[in-house]
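# Observations on the model geometry
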Amino acid sequence: MKRCYFLVCLLLLGLSVGAQKYAPKVKPADPPKPYGPVPTAAQVAWQRMEMNMFCHFGPNTFTGLEWGEGTEAEDIFNPTALDCNQWVTVAKNAGFQGVILTAKHHDGFCLWPNPMSAHTVRESAWCNGKGDVLKELSEACKKGGVKFGIYISPWDRNAPTYGTPEYNKVFLKTLQSAHRHYGPIFEQWFDGANGEGPNGKKQVYDWKRFNAQTKRLQPNAVIFSDVGPGCRWVGNEEGTCGRTWRLDVEGREPGANAPSQDTLNAGNYNGACWIPAETDVSIRPGWFWRDSEHPKSVQELLKIYYNSVGRNSLLLLNVPPDSRGLIPAEDSLRLVEFRAALDSIFAHDLVTEAADAKRFFGICASNVRNSDHESCRCWDNIPAYMRDRENHCRSFRYCPAHLIGDNYDTYWATDDTVTTAWVELQFYEPQTFNRVMLQEYIPLGQRVEKFHIEIEDENGNWRTIAEETTIGYKRIVLTETVTTKKVRVVIDQSRACIVLNRIGLFMDNILEDL
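Here's a quick rundown of the structure.

What counts, and where the lines are drawn
Residues numbered from 1 in each chain as written. Predicted model: local features only at pLDDT ≥ 70, side-chain atom pairs only at ≥ 80, totals over all residues. Heavy atoms only, no water. Helix = DSSP H or I, 4+ residues; strand = E, 2+ residues; numbered from the N terminus. Buried < 20%, exposed > 50% of the residue type's maximum accessible area, 1.4 Å probe, protein only. Contact = heavy atoms within 4.5 Å. Areas by Shrake-Rupley, 256 points an atom, 1.4 Å probe, with all protein chains shown as cover. 1 Å grid on protein atoms, 1.4 Å probe; cavity = no way out; pocket = protein on both sides within 12 Å on 5 of 7 lines; lining within 4 Å. Points joined across faces, edges and corners; volume = space filled by probe spheres on them. Nonpolar A, V, L, I, M, F, W, Y, C, P; charged D, E, K, R; others polar. Axes fitted to C-alpha atoms, helices over the stretch in contact; angles between N-to-C directions. Parallel < 35°, antiparallel > 145°, perpendicular 65-115°, else oblique. Pairing = 2+ DSSP bridges. Salt bridge = Lys/Arg side-chain N within 4 Å of Asp/Glu carboxyl O. Expected span 1.5 Å × (residues − 1). Right-handed = clockwise from strand over helix to strand, strands pointing away.

### Observations regarding the overall build of the protein
- Across its full length, the protein carries 12 helices and 16 strands.
- Expressed as a percentage of the 514 residues in the protein, the buried residues total 57%.
- Across the protein, the fraction of contacts at a sequence separation of at least 24, relative to all contacts at a separation of at least 6, is 76%.
- Summed over all atoms, the accessible surface of the protein reaches about 22100 Å², with 51% contributed by carbon and sulfur.

### Side note on empty space enclosed by the protein
- Counting across every chain of the model gives 2 cavities of 30 Å³ or more.
- In this structure, the largest cavity encloses a volume near 60 Å³.
- The wall of the largest cavity is formed by Gln47, Arg232, Thr244, Trp245, Arg246, Trp274, Ile275, Pro276, Ala277, Asn312 and Gln446.
- Class assignment for the residues of the lining of the largest cavity results in 5 nonpolar, 4 polar and 2 charged.
- As a volume, the second largest cavity reaches approximately 30 Å³.

### Topic: helix H2 (residues 41–49)
- When H2 is considered as a whole, its buried residues turn out to be Gln43, Val44, Trp46, Gln47 and Met49.
- The first or second residue beyond H2 is Glu50, which carries a positive phi of 70 degrees.

### Quick notes on the environment of Arg252
- Note on placement: Arg252 falls in the loop between strand E6 (231–233) and helix H8 (261–266).
- Of the residues examined, Arg252 reaches a relative accessible area of 42% and is grouped as partly exposed.
- Between the C-alpha atom of Arg252 and that of Val227, which follows or precedes it by 25 residues, the distance is 7.1 Å.
- Not counting residues up to four positions away in its chain, the partners in contact with Arg252 are Val227, Asn257, Ala258 and Pro259.

### A short note on the packing of helix H4 (residues 84–94) against helix H10 (residues 329–346)
- Between H4 and H10, the least distance of the axes is 8 Å, while the angle of their chain directions is 25 degrees. The orientation of H4 relative to H10 falls into the category roughly parallel. Two secondary-structure elements touch here, H4 through Val90, Asn93 and Ala94 and H10 through Ser332, Leu335, Val336 and Arg339.
- When the residues that make up the contact of H4 with H10 are grouped by side-chain class, the tally is 4 nonpolar, 2 polar and 1 charged.

### Here's the deal with the pairing of strand E1 (residues 51–55)
- Among the 5 residues in E1, 5 count as buried, and that is most of the element.
- On E1, burial covers both faces: Met51, Met53 and Cys55 on one face and Asn52 and Phe54 on the other are all buried.
- The pairing of E1 with strand E8 (residues 314–318) spans 4 bridges and is parallel. Bridge pairing in E8 links Asn52 to Leu316.
- Here E1 pairs with strand E2 (residues 98–104) via 3 bridges, running parallel. If you follow Cys55 over to E2, its bridge partner there is Leu101.

### Structural notes on the pattern of salt bridges
- A complete count under the given rule lists 22 salt bridges for this structure.
- Salt-bridge contacts for Arg334 lead to Glu337; the nearest nitrogen and oxygen are separated by 2.9 Å. In this pair, Arg334 and Glu337 both sit in helix H10, 3 residues apart, roughly one turn of the helix.
- Judged by its relative accessible area of 32%, Glu337 is partly exposed.
- Of the charged contacts, one joins Glu456 and Lys486 as a salt bridge, the two residues approaching to 3.8 Å between their closest N and O atoms. Residue Glu456 is found in strand E13 (residues 448–456), and its partner Lys486 is found in strand E15 (residues 475–494); the two are separated by 30 residues along the sequence.
- Sharing partners across several salt bridges, the network here consists of Glu66, Arg290 and Glu293.

### Points about the sheet that holds strand E7 (residues 277–282)
- Ordered in space as E1-E2-E3-E4-E5-E6-E7-E8, the 8 strands form a closed barrel in which the pairing is parallel. Across the sheet, the mean angle separating the axes of adjacent strands is 25 degrees when strand polarity is ignored.
- Where strand E4 (residues 187–189) and strand E5 (residues 222–225) come together, 3 bridges link them in parallel fashion. Paired with Trp189 across the two strands is Phe224, which belongs to E5.
- Of the strands in this sheet, E2, strand E3 (147–152) and E4 touch helix H6 (residues 165–179), which is tilted by about 165 degrees from E3.

### Observations regarding H6
- With 15 residues, H6 should cover 21 Å at 1.5 Å per step; its first-to-last C-alpha distance of 22 Å lies within 8% of that length.
- Where H6 is concerned, the buried positions are Tyr167, Asn168, Val170, Phe171, Leu172, Thr174, Leu175, Ser177, Ala178 and His179.
- The inward-facing, buried residues of H6 abut E2, helix H5 (133–144), E3, E4 and helix H7 (207–217).

### Quick word on the environment of Gly144
- Inspection of the secondary structure puts Gly144 in helix H5.
- Between the C-alpha atom of Gly144 and that of Thr89, which follows or precedes it by 55 residues, the distance is 7.3 Å.
- The contact partners of Gly144, leaving out residues within four places of it in the chain, are Val88 and Lys92.

### Examining the layout of surface pockets
- Considered as a void within the structure, the largest pocket measures approximately 590 Å³ in volume.
- Surrounding the largest pocket, 25 residues form its lining, Glu50, Tyr305, Met437, Lys474 and Arg502 being those nearest its centre.
- When residues of the lining of the largest pocket are traced back to their parent elements, those giving at least two are H2, H10, strand E12 (421–440) and strand E16 (499–506).
- Of all the elements, H10 adds the most residues to the lining of the largest pocket, at 4 residues.

### Describing the pairing of E8
- Counting buried residues in E8 gives 5 out of 5 residues, a clear majority hidden from the surface.
- Here E8 shows no split at all, with Leu314, Leu316 and Asn318 on one side and Leu315 and Leu317 on the other all buried.
- Handedness of the crossover joining E7 and E8 through helix H9 (residues 298–306) is recorded here as right-handed.

### Points about unusual backbone geometry
- A cis amide bond, omega 20 degrees, links Gly228 with the succeeding residue Pro229.
- Phi at Glu50 takes a positive value of approximately 70 degrees, unusual for a residue other than glycine.
- Tracing the chain through its elements places Glu50 in the loop between H2 and E1.
- We classify Glu50 as buried; its relative accessible area is 15%.
- One non-glycine residue, Asn128, lies in the positive phi region at around 55 degrees.
- Residue placement: Asn128 occurs in the loop between E2 and H5.

Next up, the structure:
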C-alpha cells in the first residue's frame, strides 16, 4: 500500500513538472502609445505637487499698495521679526509642497542684493543692508523639505534702462543672479504685466532669451507665464479653473498678446502644447498683507480646491507675510483648519478601505487591453487575487484592479480601438459618498472628452448622478449624497484608448450642498 502511494506521488510530481515545463509563457500586452503632446518629467512632478504656497512680500507690505510706484524709499522695507522657517512650517502644516516668493514685483525692489539694481535690500535699513530674503527662504525650504520657487516680474518701475533695448540685458543678468546662488528652483514665475517705466516708456520683452537662460541655469524649473512653456495662468484670480485641455501658443506671448482669458481657463480642444493651468488666488482679498483684511473661510478654500485641483489644475494659494515678516496667526490657523478639512474628506477612500478590509466584492471593466479571458476583466477580493492572477493573465498589467489605491504608475487601459468603456465597482455593504475622484495617467497624454457616473438604486436600476467632460491629472466630481452597493463610471468619448490610474469615492460632510 505504501509502495502504491509512493508511485502515485511520483507520477503526480512528474505531471506537475511537465506541465510547468511545457506551459506557454504569458506574454505581457503591449502598452498604450502616448497620445498627442505629453508632459515632461518635471511637469508631471509639478502637477503631482497639487498645492503650493505663494508669498507676496516687499515694500507693498509696508505701504498697503498692490502695485508699488517704484519710487518708495528702500528703508520702508524693514521687517522686525522675519522668519522664513516659520513660513515653511506654515506651508508644511497646510500640506503645501513648495513655496514661491515675489523676489521682485513691478516696483523693481529686489529681496536679494541684486547687483544689477540699486533698489534692493542692500540699500535698506533691514539687517544693516546685509539681509537676503531669497537666501533665508531657500535655506528654510531646504531644511524643511519643501521646494523653492521664485517670482520675478520683468516690469520694473524703478530701473532707469526700462523701456530701452539695454533693459533686456539687465533683466537677464537679474535672473542670472537669482538662479545661480540659491539652489534648485522648481518654478520660475513670470508675470506678463508690462507698464511704463520711469522714462514713461514700455519695454519689449525678449521672452525667448528669458526662457532659454532660465532653462539653461535651472533645467528642472517649470516656467510659468500666460503661455508657459511649463505651466500657464488660469485666466482669473478667483480660484476657478475650467474643464481643461492643453494650449496653442503659436504666435503668442505673455501679456497683451496672450490667449484670451477664456482660452487660458479651459485650454484649446486640439492644443498642440502640454501647458497645464496653475490656479493662483489669495487667501485674503489682496495679494499683499493689510491689517484690515482677513483670510477666507474653510468653506471658501474648499470650493477653491475643488475648482482647481479638482479640475486638473495646480492650486497656488497666496499667503502673504505681514510687516513683521511672519505669516499672521489667523492665516496659519485657517490653513490648519483647511488641511484638517481636506484630510477628513480625502484620507478615507471608500474603495481602498473596503478592499483592504475585504468588504469589496469586486471591480469589473467592459474591456481590458489584450484581455483573453473574462477573469482578466473582473477582479474580486482585492488585493488577494491580484498576485494569483498575474501569472496567467497577460493583461494583468492593465486590469481594472489598478484603479484602486495610490500607485501612480499602474493603470487600467483598453484596446487601441476601444474609446468607449465602463468600469464598475461592487461592494458587500452600501457606501455613502458625494465625491468621485478620477485620474488619467498623463505621462501617456490626455484623452477623455466625456464621461458620466451611475449608481444602482434599491430597485436594481442604474441612475446617472453626474455628467462631465475632461479628466486629466485629477478630476473630483461633486455629486449629491448617495448610498449604493454599485457604482459605474462610463467613458462616453475618448480621443484614444482609455488610460485611467485611479478611482476613489469620498464623503464630504463640510460642503455637502455644493
